[in-house]
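Coordinates in review
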2 protein chains.
Amino acid sequence: MYKYYWLIFSRLIQLLMRIVIALGGNALLRRGEPMTAGNQRANVRLAARALAPLSKEHELIISHGNGPQVGLLALQSSIASEDTESSSLDVLGAQTEGMIGYLIEQELGNILPFEQPFATILTMVEVDKNDPAFRNPTKPIGPFYSAKAAAKLTKDKGWVMRNDGKQWRRVVPSPIPLRIFEMRPIRWLLEKGTIVICAGGGGIPTIYDQDGKLIGADVVIDKDYAGALLARELDADMYIMATDADAVYTNWGTKDACAIGRISCAEIEKMNFSEGSMKPKVAAATWFVHKTGKHAAIGSLSDLQEIALEKKGTIITPC
Amino acid sequence: MYKYYWLIFSRLIQLLMRIVIALGGNALLRRGEPMTAGNQRANVRLAARALAPLSKEHELIISHGNGPQVGLLALQSSIASEDTESSSLDVLGAQTEGMIGYLIEQELGNILPFEQPFATILTMVEVDKNDPAFRNPTKPIGPFYSAKAAAKLTKDKGWVMRNDGKQWRRVVPSPIPLRIFEMRPIRWLLEKGTIVICAGGGGIPTIYDQDGKLIGADVVIDKDYAGALLARELDADMYIMATDADAVYTNWGTKDACAIGRISCAEIEKMNFSEGSMKPKVAAATWFVHKTGKHAAIGSLSDLQEIALEKKGTIITPC
């Protein structure tokens with residue numbers, strides 16, 4: 001009986017939350033899976049199925065990663081015909097916002113009622129040209145390579161390559177986002193009940209040059225932080241990072257691995273996580289929680305509904 | 001003196017018009033110019049300078065072509081590494097909406113006051129799967145080729161190639177747009193004073209399959225018609241197609257070539273124009289004028305302000 005009251009109460013307070021959901025690049029393309037159009041669409045369809053029930057109860061803002069996609073486009077662009085030059089990561093980032101936004105909008109639109117308005121808003125994000133990330137590239141993008149192929153790419157294109165456990169991948173700077181330029185249009189559309197897809201791939205990276213003009217930057221912005229900034233600017237009630245792991249784990253990769261359920265910022269900040277996967281997510285989560293006093297969550301795409309109810313995933317709280 | 005009164009009067013009625021401007025693919029990349037990132041940005045900068053003064057006086061909706069860009073991306077995508085398949089034109093169209101929308105937004109944003117809101121809205125457009133265009137590809141996309149290279153592409157990739165005067169180009173179906181899905185978000189943003197960039201490349205081509213699901217179509221929608229549909233749906237006061245010619249000409253390419261100033265639909269419909277350039281523009285213009293009773297215009301990007309005042313370009317009127 002008490003459980004029943006609790007359920008009603010919890011449903012009431014959970015209803016009509018404003019939730020920012022960041023879909024990890026690996027939630028859109030499983031690790032090791034060939035990056036075909038068909039595979040991407042199949043994964044976006046799975047994501048849409050997970051998002052659809054949530055969108056009926058809450059105000060939804062959807063962000064997404066673009067690591068595998070922007071890397072592939074960079075590769076394609078660099079091997080194009082001789083009268084073209086390869087595009088920089090701002091232009092390629094804009095292309096991935098178009099491509100992935102389209103797939104999400106179409107697949108989600110095919111599940112939800114026709115009356116539900118959608119909009120994918122191209123999002124430019126400012127970064128600091130003095131961000132230390134420019135001197136230390138850490139963000140892996142694009143396909144995996146053998147040691148030999150990686151060495152050739154470094155020689156031919158000047159790419160920084162790093163060993164990701166077994167294989168090699170290109171790494172690029174991943175600075176922290178300072179400002180999202182399209183906040184007003186995003187807010188106006190949310191007020192009308194639109195599901196907004198924005199800040200894809202962390203947003204299109206831009207910096208101000210010495211003349212005060214906004215120009216593109218050849219980096220990929222930390223998408224977990226970009227989602228956290230978006231959630232903060234929108235006064236979101238919750239910020240969820242959906243990935244291919246069902247929670248944050250202590251002692252990951254060992255036999256003592258243990259999923260973290262509910263944890264305070266102070267507790268989780270004492271722990272160490274791997275640079276390329278959970279570390280940036282945990283950092284973005286605690287940043288959001290510190291700034292807003294709201295909850296952030298990290299968990300599996302397939303558990304989205306339960307994560308919003310704080311029944312699954314790792315829930316990071318102020319205290 | 002009378003001229004002075006006329007000027008004031010004409011300014012008053014011209015103020016605060018809602019204008020849809022379609023930027024031709026050739027206004028963004030001059031014919032024969034190598035498709036480098038630098039060239040594209042330089043051309044977008046010129047377009048932004050032409051658009052900026054107009055945006056201070058009128059409500060502006062900006063659409064654009066993507067012929068050269070989508071063709072190049074198709075080429076890049078088809079020569080990529082072996083574990084990827086080449087993307088279809090809906091996905092590539094979405095990529096060009098991101099890329100070109102970003103360049104326009106950034107360059108225009110660098111000229112206009114920071115307070116001016118912008119939004120690039122990803123735009124899906126429905127086409128009819130029985131549109132006769134599917135059986136007769138006419139839309140040229142991508143780079144120019146020699147006869148030998150063109151024959152190889154037909155053999156290797158099954159592309160339809162057509163001779164564009166001197167050189168060869170790939171041609172794809174260019175169906176008529178039936179419906180723009182994101183009309184409500186576009187309207188909501190215009191009501192807030194946002195400059196909206198949308199329906200780029202004619203919009204992302206989509207069709208309903210036999211199960212009633214919206215899927216992508218491997219075509220490039222007629223962007224002049226898509227702009228006309230957008231203008232009609234938005235109750236625009238004027239629809240301007242900006243290109244690299246300063247007007248529509250009779251006897252184009254001969255010594256009797258003569259620019260058309262003001263002309264009625266009935267008059268211009270009696271004339272013949274070339275398939276690949278003015279014919280679709282004139283058809284889209286008369287369609288808009290017939291449906292709305294408003295004026296459409298075709299002229300040079302650099303004359304935009306004078307075209308809005310109906311002092312330059314070809315102005316197509318109901319009667």
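Everything discussed here concerns the structure shown above.
Residues numbered from 1 in each chain as written. Chains lettered and ligands numbered in written order. Predicted model: local features only at pLDDT ≥ 70, side-chain atom pairs only at ≥ 80, totals over all residues. Heavy atoms only, no water.

Some details on the overall build of chain A
- Each helix and strand in chain A was counted, giving 11 helices and 17 strands.
- Relative to a compact globule of 319 residues, whose C-alpha radius of gyration would be 20 Å, chain A shows 19 Å and is just as compact.
- Projecting the C-alpha coordinates of chain A onto the three principal axes gives extents of approximately 70 × 50 × 40 Å.
- Of all intrachain contacts in chain A linking residues separated by at least 6 positions in sequence, the fraction that spans at least 24 positions is 74%.
- Side-chain charges of chain A comprise 36 positive and 35 negative groups, with the mean position of each set lying 4 Å from the other. (Helix = DSSP H or I, 4+ residues; strand = E, 2+ residues; numbered from the N terminus. Rg over C-alpha atoms; globule rule 2.2 N^0.38 Å. Contact = heavy atoms within 4.5 Å. Lys, Arg positive; Asp, Glu negative; His and termini not counted. Charge placed at Lys NZ, Arg CZ, Asp CG, Glu CD.)

Quick look at the relation of the copies chain B and chain A
- Of the transformation superimposing chain B on chain A, the axial component is 0.0 Å and the angular component is 180 degrees, with the fit at an RMSD of 0.0 Å. On this basis, the relationship between the two copies can be described by a two-fold rotation axis.
- A share of 100% of the interface residues of chain B reappears at the interface of chain A, consistent with the copies meeting face to face through the same patch. (Least-squares fit on C-alpha atoms with pLDDT ≥ 70 in both.)

Comments concerning the interface of chain B and chain A
- Of the residues lining the interface, 57 residues belong to chain B; the matching set on chain A comes to 57 residues.
- Inspection of the region where chain B meets chain A yields two salt bridges.
- Note that R41 of chain A is salt-bridged to D90 of chain B, the shortest N-O span being 3.6 Å.
- Seen at the junction of chain B and chain A, the total is 10 residue pairs in polar contact (both at pLDDT 80 or more).
- If one sorts the elements of the side of chain B that touches chain A by residue count, helix α5 (residues 89-109) of chain B sits on top with 11 residues.
- By residue class, the composition of the side of chain B that touches chain A is 29 nonpolar, 16 polar and 12 charged. (Salt bridge = Lys/Arg side-chain N within 4 Å of Asp/Glu carboxyl O. Polar contact = N/O pair within 3.5 Å; in protein donor to acceptor, adjacent residues only side chain to side chain. Nonpolar A, V, L, I, M, F, W, Y, C, P; charged D, E, K, R; others polar.)

What to know about the pattern of salt bridges
- Applying the stated criterion across every chain yields a total of 26 salt bridges over all chains.
- Between D156 of chain B and K152 of chain B there is a salt bridge, and its shortest N-O distance comes to 2.6 Å. Within this pair, D156 of chain B and its partner K152 of chain B are both found in helix α6 (residues 147-157), separated by four residues, close to a single helical turn.
- Among the residues examined, D156 of chain B registers a relative accessible area of 47% and is labelled partly exposed.
- Owing to a relative accessible area of 53%, K152 of chain B belongs among the exposed residues under this scheme.
- Connected through salt bridges with shared partners, the residues R41, R45 and E107 of chain A together with D90 of chain B form a single ionic network. (Buried < 20%, exposed > 50% of the residue type's maximum accessible area, 1.4 Å probe, protein only.)

Some details on empty space enclosed by the protein
- Applying the stated criterion to the full structure yields four cavities of 30 Å³ or more.
- Its volume calculated, the second largest cavity comes out at about 80 Å³.
- Looking at the lining of the second largest cavity, the elements with two or more residues in it are α5 (89-109), β3 (118-121) and β9 (195-198) of chain A together with α5 and β3 (118-121) of chain B.
- For the lining of the second largest cavity, the class distribution of residues is seven nonpolar, six polar and two charged. (1 Å grid on protein atoms, 1.4 Å probe; cavity = no way out; pocket = protein on both sides within 12 Å on 5 of 7 lines; lining within 4 Å. Points joined across faces, edges and corners; volume = space filled by probe spheres on them.)

Thoughts on the sheet that holds strand β11 (residues 214-216) of chain B
Residues and elements named next belong to chain B.
- In space, the four strands of this open sheet follow the order β8-β4-β10-β11, with mixed pairing throughout. If you trace the sheet from one side to the other, it starts and ends with β8 (177-180) and β11, each paired once. Strand-to-strand twist in this sheet, taken as the mean axis angle between neighbours without regard to direction, amounts to 45 degrees.
- Pairing of strand β4 (residues 124-127) with strand β10 (residues 204-208), which is carried by three bridges, proceeds in the parallel orientation. Paired with E126 across the strands is T206, a residue of β10. (Pairing = 2+ DSSP bridges. Axes fitted to C-alpha atoms, helices over the stretch in contact; angles between N-to-C directions.)

Regarding helix α7 (residues 183-191) of chain A
- What α7 of chain A keeps buried is the set M183, P185, I186, W188, L189 and L190 of chain A.
- Just downstream of α7 of chain A, G193 of chain A is the residue with a positive phi angle, here 85 degrees.

Side note on the packing of aromatic side chains
- Considering all chains together, one arrives at 10 aromatic pairs over all chains under this definition.
- Ring geometry for F181 of chain A against Y208 of chain A: centres 6.3 Å apart, planes inclined by 75 degrees, an arrangement best described as edge-to-face. Here F181 of chain A is found in the loop between β8 (177-180) and α7, whereas its partner Y208 of chain A is found in strand β10 (residues 204-208), with 27 residues between them in sequence.
- Residue Y208 of chain A is classed as partly exposed on the basis of its relative accessible area, which comes to 23%.
- An angle of 65 degrees between the planes, with centres 5.8 Å apart, marks the rings of Y225 of chain B and W287 of chain B as edge-to-face. Of this pair, Y225 of chain B sits in helix α8 (residues 223-233) while W287 of chain B sits in helix α10 (residues 278-292), placing them 62 residues apart in sequence.
- The exposure class assigned to Y225 of chain B is buried, which follows from its relative accessible area of 17%. (Phe/Tyr/Trp six-rings, centres within 6.5 Å; stacked < 30°, edge-to-face > 60°.)

Looking at the state of the cysteines
All names here are of chain A.
- Per the stated rule, a full pass over the model turns up zero disulfides over all chains.
- The structure places no disulfide on C258, whose sulfur is separated from the nearest cysteine sulfur, that of C265, by 19 Å.
- Accessibility expressed as a relative area gives 42% for C258, which makes it partly exposed. (Disulfide = S-S within 2.5 Å.)

Some points on the environment of A48 of chain B
Residue and element names in this part refer to chain B.
- Within the secondary structure, A48 is located in helix α3 (residues 37-57).
- Judged by its relative accessible area of 2%, A48 is buried.
- Distance from A48 to E107, taken between C-alpha atoms, is 6.0 Å for residues 59 residues apart in sequence.
- Contact partners of A48, with chain neighbours within four places excluded, come to E107, L108 and I111.

Section: the environment of A94 of chain A
- When you line up the elements, A94 of chain A lands in helix α5.
- For A94 of chain A and I204 of chain A, which are 110 residues apart along the polypeptide, the C-alpha to C-alpha distance reads 5.8 Å.
- In contact with A94 of chain A, not counting residues within four places along its chain, are L122 and I204 of chain A together with G98, M99 and Y102 of chain B.

Section: α3 of chain B
- Between the first and last C-alpha of α3 of chain B there are 31 Å, a value that for 21 residues agrees with the 30 Å anticipated at 1.5 Å per step.
- Residue L51 of chain B marks the point of greatest curvature in α3 of chain B, where the axis turns by about 30 degrees; the proline P53 of chain B follows within four residues. (Expected span 1.5 Å × (residues − 1). Bend = angle between axes of the 7 residues up to and from the residue.)

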